[in-house]
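# Inside the fold
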2 protein chains.
Amino acid sequence: MSEIITPSILSGFMELLPDEQVLFDEIKAKIEAGFRRYGFWPIDTPAIEKCEILFAKGGGETSKQIYRIDKGESSQEQALRFDLTVPLARYVAQHASELSFPFRRYHIAKVYRGERSQKGRYREFYQCDIDIIGRESLALSNDAEIPAVIYSIFRDIGVGSIVFHINNRRLMNGFFRAVGITQSDAAFRAVDKLAKIGEDSVRRLLVEEGLDDAQIDALFEFIAPNGDNDAILSRLEGFAQAHAEADIALFNEGLDELTRVYALMQRFGIPQAAIAIDLSITRGLDYYTGSVFETFLTGFEGIGSICSGGRYDDLATNFSKTGFPGIGLSIGLTRLFYQLSAAKVISPKKGDYVKACVLPMSDEDMDYAIDAVSALRDAGVISVIYMEPGKVKKKFAYADSIGAHFALIIGERERMAGMVSFKDLATGEQENLSLEDAIARLNA
Amino acid sequence: MSEIITPSILSGFMELLPDEQVLFDEIKAKIEAGFRRYGFWPIDTPAIEKCEILFAKGGGETSKQIYRIDKGESSQEQALRFDLTVPLARYVAQHASELSFPFRRYHIAKVYRGERSQKGRYREFYQCDIDIIGRESLALSNDAEIPAVIYSIFRDIGVGSIVFHINNRRLMNGFFRAVGITQSDAAFRAVDKLAKIGEDSVRRLLVEEGLDDAQIDALFEFIAPNGDNDAILSRLEGFAQAHAEADIALFNEGLDELTRVYALMQRFGIPQAAIAIDLSITRGLDYYTGSVFETFLTGFEGIGSICSGGRYDDLATNFSKTGFPGIGLSIGLTRLFYQLSAAKVISPKKGDYVKACVLPMSDEDMDYAIDAVSALRDAGVISVIYMEPGKVKKKFAYADSIGAHFALIIGERERMAGMVSFKDLATGEQENLSLEDAIARLNA
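The rules we used
Residues numbered from 1 in each chain as written. Chains lettered and ligands numbered in written order. Predicted model: local features only at pLDDT ≥ 70, side-chain atom pairs only at ≥ 80, totals over all residues. Heavy atoms only, no water. Pairing = 2+ DSSP bridges. Helix = DSSP H or I, 4+ residues; strand = E, 2+ residues; numbered from the N terminus. Axes fitted to C-alpha atoms, helices over the stretch in contact; angles between N-to-C directions. Buried < 20%, exposed > 50% of the residue type's maximum accessible area, 1.4 Å probe, protein only. Contact = heavy atoms within 4.5 Å. Salt bridge = Lys/Arg side-chain N within 4 Å of Asp/Glu carboxyl O. Polar contact = N/O pair within 3.5 Å; in protein donor to acceptor, adjacent residues only side chain to side chain. Nonpolar A, V, L, I, M, F, W, Y, C, P; charged D, E, K, R; others polar. Least-squares fit on C-alpha atoms with pLDDT ≥ 70 in both. Arc of directions from axis to C-beta. Lys, Arg positive; Asp, Glu negative; His and termini not counted. Left-handed = near helix turned anticlockwise from the far one by under 90°. Phe/Tyr/Trp six-rings, centres within 6.5 Å; stacked < 30°, edge-to-face > 60°. Lys NZ or Arg CZ within 6 Å of the ring centre and 35° of its normal. Parallel < 35°, antiparallel > 145°, perpendicular 65-115°, else oblique. Core = buried A, V, L, I, M, F, W, Y, C linked by side-chain atoms within 4.5 Å.

## A few points about the sheet that holds strand S15 (residues 420-424) of chain A
Residues and elements named next belong to chain A.
- Strands sit in the order S13-S12-S14-S15-S16 across an open sheet of five strands; the sheet is mixed. At either margin of the open sheet sits one strand with a lone partner, and together these are strand S13 (383-385) and strand S16 (430-433). Each strand axis lies, on average, 25° off the axis of its neighbour in the sheet, ignoring direction.
- Taken together, the four bridges between strand S14 (residues 406-410) and S15 define a ladder with antiparallel strand orientation. Pairing of Leu-408 across the sheet is with Phe-422, part of S15.

## Some thoughts on the pairing of strand S5 (residues 103-112) of chain B
- Among the ten residues of S5(B), ten are classified as buried, and the element is accordingly described as predominantly covered.
- Of the two faces of S5(B), the one holding B:Phe103, B:Arg105, B:His107, B:Ala109 and B:Val111 and the one holding B:Arg104, B:Tyr106, B:Ile108, B:Lys110 and B:Tyr112 are both buried throughout.

## What about the interface of chain A and chain B?
- Taken together, the 96 residues of chain A in the interface contact 96 residues of chain B.
- Across the contact surface, chain A and chain B share ten salt bridges.
- Measuring nitrogen to oxygen at the nearest pair gives 3.7 Å for the salt bridge that ties B:Asp367 to A:Arg267.
- Joining chain A to chain B, the criterion identifies 38 residue pairs in polar contact (both at pLDDT 80 or more).
- Of the residues that constitute the side of chain A that touches chain B, the class distribution is 50 nonpolar, 20 polar and 26 charged.

## Some words on unusual backbone geometry
- Cis peptide bonds are those with omega within 30 degrees of zero, and the linkage from A:Phe101 to A:Pro102 qualifies with -5°.
- In this fold, A:Pro102 is placed in the loop between helix H3 (85-95) and strand S5 (103-112).
- Its identity as a non-glycine residue notwithstanding, B:Glu136 has a phi of 70°, on the positive side.
- By secondary structure assignment, the location of B:Glu136 is in the loop between strand S6 (124-133) and helix H4 (142-157).
- Given the relative accessible area of 55%, B:Glu136 is considered exposed.
- With phi around 60°, B:Lys344 is a residue other than glycine that occupies positive phi space.
- Considering the arrangement of structural elements, one finds B:Lys344 in the loop between helix H11 (333-342) and strand S12 (356-360).

## Regarding the relation of the copies chain A and chain B
- When chain A is fitted to chain B, the residual RMSD is 0.1 Å, and the transformation amounts to a turn of 180° plus an axial shift of 0.0 Å. On the angle and the small slide along the axis, the relation comes out as a two-fold axis.
- Here 100% of the contact residues of chain A are again contact residues in chain B; the copies associate through an equivalent surface.

## Brief notes about helix H15 (residues 435-442) of chain A
Residues and elements named next belong to chain A.
- Within the span of H15, buried status applies to Leu-435, Ala-438, Ile-439 and Leu-442. Buried positions in H15, seen along its axis, are confined to an arc of 100° and lie on one side of it.
- Contact partners of the buried residues in H15: strand S12 (356-360), helix H12 (366-378), S14, S15 and S16.

## Concerning the environment of B:Met366
- Structurally, B:Met366 is set in helix H12 (residues 366-378).
- With 263 residues separating them in the primary sequence, B:Met366 and B:Phe103 have C-alpha atoms 54 Å apart.

## Looking at the side chain of A:Arg104
- Within the fold, A:Arg104 resides in strand S5.
- According to the relative accessible area criterion, A:Arg104 is buried, its value standing at 3%.
- A polar contact of 3.0 Å, which involves the side chain of A:Arg104, links it to the side chain of A:Glu145.
- Once residues lying within four places of it in the same chain are set aside, the contact partners of A:Arg104 are A:Tyr38, A:Gly39, A:Phe40, A:Trp41, A:Asp131, A:Ile132, A:Glu145, B:Arg377, B:Val384, B:Ile385 and B:Tyr398.

## So, H11(B)
- Every buried residue of H11(B) is accounted for by B:Leu333, B:Thr334, B:Leu336, B:Phe337, B:Gln339 and B:Leu340.
- Downstream of H11(B) by a residue or two, B:Lys344 has a phi angle that is positive, lying close to 60°.

## With respect to the side chain of B:Arg81
All names here are of chain B.
- With respect to the helices and strands, Arg-81 occurs in the loop between strand S4 (78-80) and helix H3 (85-95).
- The charged side chain of Arg-81 is buried without a salt bridge, its nearest counter-charge being Asp-44 at 5.3 Å.
- Of the polar contacts made by the side chain of Arg-81, one reaches the backbone oxygen of Thr-45; its length is 3.0 Å.
- Leave out the neighbours within four places in its chain, and Arg-81 touches Thr-45, Pro-46, Ala-47, Leu-54, Pro-87, His-107, Ala-109, Lys-110, Val-111 and Tyr-112.

## Some details on the packing of helix H1 (residues 18-37) of chain B against H4(B)
All names here are of chain B.
- As a packed pair, H1 and H4 sit with axes 9 Å apart at the nearest point and diverge in direction by 145°. The two elements H1 and H4 cross, and the hand of that crossing is right-handed. Between H1 and H4, the residues in contact are Ile-27, Lys-30, Ile-31, Gly-34, Phe-35 and Arg-37 and Val-149, Ile-150, Ser-152, Ile-153, Asp-156 and Ile-157, respectively.
- For the contact of H1 with H4, the per-class residue count stands at seven nonpolar, two polar and three charged.

## Quick word on the packing of aromatic side chains
- Summed over the entire model, instances satisfying the criterion amount to 38 aromatic pairs over all chains.
- Here the aromatic rings of A:Tyr287 and A:Tyr288 are separated by 5.0 Å at their centres, their planes lie at 45°, and the arrangement is tilted.
- Seen in terms of ring centroids, B:Phe176 and B:Phe188 are 5.3 Å apart; in terms of plane orientation they differ by 55°. Their pairing is tilted. Of this pair, B:Phe176 sits in helix H5 (residues 169-179) while B:Phe188 sits in helix H6 (residues 184-192), and the two are twelve residues apart along the sequence. For the residue pair B:Phe176 and B:Phe188, the accessibility class agrees, reading buried in each case.
- Members of the aromatic cluster, each reached through a chain of ring pairs, are A:Phe175, A:Phe176, A:Phe188, A:Phe222, A:Phe239 and A:Phe251.
- The ring of B:Phe40 carries B:Arg104 above its face, with NZ or CZ at 4.4 Å from the centroid.
- For B:Lys423, the ring lying beneath its charged end belongs to B:Phe396, and the centroid distance is 4.7 Å.

## Description of the packing of H5(B) against helix H10 (residues 249-267) of chain B
Residues and elements named next belong to chain B.
- Following both chains from N to C, one finds H5 and H10 inclined at 155°, their axes separated by 7 Å at the closest point. As the angle between them shows, H5 and H10 are arranged roughly antiparallel. Remark: the crossing between H5 and H10 carries left-handed chirality. Taking contact as the criterion, the partners of Arg-170, Leu-171, Asn-173, Gly-174, Phe-175 and Arg-177 in H5 are, on H10, Leu-250, Phe-251, Glu-253, Gly-254, Leu-255, Glu-257 and Leu-258.
- Its residues placed into classes, the contact of H5 with H10 shows six nonpolar, three polar and four charged.

## Some remarks on the environment of A:Arg121
Residue and element names in this part refer to chain A.
- Along the chain, Arg-121 turns up in the loop between S5 and strand S6 (124-133).
- Distance from Arg-121 to Arg-335, taken between C-alpha atoms, is 6.7 Å for residues 214 residues apart in sequence.
- Residues in contact with Arg-121, not counting those within four places in the same chain, are Gly-12, Glu-115 and Arg-335.

## What to know about the pairing of S14(A)
All names here are of chain A.
- Across the five residues of S14, five count as buried, placing the element largely inside the fold.
- Two elements, S12 and S14, share five bridges in a ladder whose sense is parallel. Pairing of Cys-357 across the sheet is with Ala-407, part of S14.

## So, the nonpolar core
- Core analysis: the biggest nonpolar cluster contains 123 residues, and A:Ile31, A:Phe35, A:Ile150, A:Leu236, A:Phe251 and B:Leu408 have the highest contact counts within it.
- Ranked by residues supplied to this core, first place goes to helix H4 (residues 142-157) of chain A with nine residues.
- Among all residues touching A:Phe35, those that are not within four sequence positions of it are A:Phe40, A:Tyr106, A:Ile108, A:Cys128, A:Asp129, A:Ile130, A:Val149, A:Ile150 and A:Ile153.
- Membership of the second largest hydrophobic core comes to 122 residues, among which are A:Ala407, A:Ile409, B:Tyr106 and B:Met172.

## Here we look at the sheet that holds strand S16 (residues 430-433) of chain B
Residue and element names in this part refer to chain B.
- Read across the open sheet, the five strands follow the order S13-S12-S14-S15-S16; overall the sheet is mixed. Strand pairing shows two members of the sheet lacking a second neighbour, strand S13 (383-385) and S16, which therefore form its edges. With strand direction ignored, the average angle separating the axes of adjacent strands in the sheet is 25°.
- Along the sheet, helix H13 (residues 392-401) makes contact with S12, S13, strand S14 (406-410) and strand S15 (420-424), crossing S12 at roughly 170°.

## Observations regarding the pattern of salt bridges
Residues and elements named next belong to chain B.
- Summed over all chains, the structure comprises 44 salt bridges over all chains.
- For Asp-217, the salt bridge is made with Arg-203, and the minimal N-O distance between the two is 3.0 Å. Placement of the pair is Asp-217 in helix H8 (residues 213-223) and Arg-203 in helix H7 (residues 194-208), with a sequence separation of 14 residues.
- On the accessibility criterion, Asp-217 (40% relative accessible area) is partly exposed.
- Given the relative accessible area of 24%, Arg-203 is considered partly exposed.
- Of the charged contacts in the structure, one is a salt bridge between Glu-431 and Arg-441, with a shortest N-O distance of 2.9 Å.

Next up, the structure:
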């Protein structure tokens with residue numbers, strides 16, 4: 001007898017029970033169906049990439065969290081991908097001559113980050129990304145279509161209403177220029193932490209970066225939530241007029257983009273109430289250059305943005321001399337699923353999956369029962385047959401345990417009559433039906 | 001300007017272009033739909049497992065091929081899974097108290113083996129596994145249901161007819177016992193190589209294992225293809241009678257199992273012509289104990305078995321004292337896709353994906369065009385809008401390049417008339433339609 005090893009997984013990894021998995025997969029399938037309906041193409045890249053690709057931009061924060069592969073005999077440094085954006089950049093640059101541009105791709109796959117283990121943070125998690133990549137140029141209207149896809153998906157998932165918080169990096173850079181702030185990347189990163197660490201801490205960060213009090217006050221005044229979208233847009237126009245003497249061209253470009261994206265998002269079917277112009281949204285990552293988005297679930301803003309992204313001027317700087325501007329959004333599905341479950345917005349229900357369980361009462365009924373379950377499956381009814389020997393009670397217990405809606409009981413009487421006993425396992429009601437009638441009932 | 005790194009992936013990994021990916025995903029979706037129709041539950045386990053789990057059975061061949069994770073600060077030895085069976089064993093043992101038995105699960109996911117690079121062999125590949133796991137016992141009829149799922153799936157995929165080659169390890173062990181062969185595992189492994197290395201080489205292996213010439217001759221006579229299923233079953237009954245003096249009980253058990261599984265497979269809807277009793281099928285792996293299966297695509301037998309598996313007495317010996325007998329089959333999808341593509345059984349077709357491409361002729365037409373594409377998507381038509389500026393020719397070239405069936409052209413004339421120009425991109429035919437009529441045409 002071999003030694004028993006306690007079965008367990010590594011900490012920081014999500015593993016679901018079957019009923020939970022059904023629910024997870026249902027949400028994932030709705031995300032994918034939305035991506036497809038909007039004409040995005042699937043891609044699937046290796047989970048292992050060369051380190052020279054993954055770290056083409058330099059190490060940075062993520063390099064500490066990387067899952068490196070023990071090389072063994074290979075001469076190549078290898079690691080698991082930490083996001084789907086670097087693989088997309090590599091893919092687009094590598095296959096550019098065989099792609100149509102704008103290239104619309106979706107990618108739903110696991111990524112790996114060896115983060116410090118904490119609740120709701122996973123080391124392996126699904127990202128669901130859509131991006132539209134242009135070759136050398138990409139029309140601004142794409143910035144409005146991308147959130148429309150996400151809006152349509154969350155409507156399908158049915159977990160309540162979402163609000164896109166939108167801003168524009170060009171506008172923000174224009175503001176920095178107008179008020180003489182030169183440390184724009186640092187300012188973006190500091191403001192990005194506002195919701196997490198609060199105004200005082202952000203102020204301290206900005207002081208450390210060398211901003212003076214007047215600049216910091218101007219910044220906080222600028223990004224403060226203040227009125228509805230129209231009021232904010234008016235205020236921004238007012239700012240442009242008030243600073244007409246300063247270098248305000250970039251600001252005006254950004255304002256024009258923000259105004260147009262806001263209007264086009266509505267054209268793409270997103271209700272005005274689901275869009276909040278929010279100048280405190282900056283996104284932490286350096287590569288965003290225009291529109292930036294975060295998305296919040298109404299009533300559950302505390303769980304943070306459930307879908308984020310934006311416009312970047314050049315996706316594949318490190319892999320190609322061709323410019324590939326793009327716009328993308330990403331849903332962190334594993335974390336979202338954890339949070340929606342923890343907040344009880346979603347919960348797995350037994351019986352949402354298998355509809356019918358066929359129960360032959362004895363071995364003599366087996367052939368007839370197999371014919372019955374085959375007919376159900378041919379009619380598209382998700383169904384199971386329980387073929388183990390044992391008492392009737394055990395058979396019903398199985399049908400109950402898998403959450404089947406209905407049991408089709410097949411004993412000598414049913415077999416002789418060419419019928420089935422059709423039992424609603426929720427109500428306990430039972431009647432004799434022909435197989436055809438049972439199928440009609442199941443497909444009703 | 002940063003240095004350009006040539007974008008590439010590691011050798012031995014499959015990466016597809018979008019049209020190929022659409023085809024791959026279509027096959028994968030059909031496999032999944034079949035698994036679900038038959039009432040198998042999805043599971044999704046971490047790609048990284050503890051080495052103590054992966055190597056619970058001891059190292060063996062696979063341990064040389066393992067992708068180990070550089071531990072970094074972790075105290076746990078970690079590696080990428082090399083199959084989906086060990087994770088299933090761990091999952092079942094770990095969560096047994098929360099599962100219903102027989103536990104029917106499917107798992108479609110990537111596994112990793114650092115095999116020597118060669119054509120059609122991949123280091124990262126999809127396995128599509130179904131298994132039914134009992135607790136302490138599992139009825140034989142499950143052995144017949146599992147191939148029925150696979151049969152139904154290949155019918156849906158539509159790549160031609162398949163034939164299950166079936167055998168039974170108990171029968172083979174009974175034969176070994178009857179003729180005095182004691183090296184059964186070695187004999188299984190040797191015979192498993194027959195198609196690959198030929199009879200002479202297998203004979204040499206068997207001699208090395210200590211079988212004598214009479215035993216080897218008896219073995220080759222026994223496993224030789226010889227008549228149809230009924231003829232083989234008669235021959236097996238004849239063998240039992242001829243060896244009635246020997247210890248033939250195990251042989252008879254195996255023969256009874258094989259006979260019943262053969263009959264039940266037909267009951268589950270597999271035509272007789274799609275089942276070949278084939279005593280040369282043994283499967284190389286030690287853990288099979290009863291039914292074993294390989295599956296061949298008619299006319300393309302040379303590509304090898306496209307779906308293999310069998311019955312095992314105890315899935316989780318190393319993780320639990322409870323016995324978990326099971327039956328499972330596995331499709332190696334990545335290799336299958338490669339082989340079907342190479343044999344030109346399948347090929348990606350442009351235009352099997354996006355159905356309609358909306359082409360606004362100018363910025364003035366954008367709003368109307370966005371309304372049109374939104375209506376198409378709401379009606380479930382996979383569609384794209386091309387919003388880039390440029391000449392008409394460039395716009396049509398895009399619609400062509402993505403393989404759209406139809407272009408919906410929207411210029412000033414169409415917009416004013418509240419119509420669209422509906423162009424069949426294959427035939428070149430073009431007509432004016434209302435949007436409703438265009439949708440009806442697209443959904444026809």
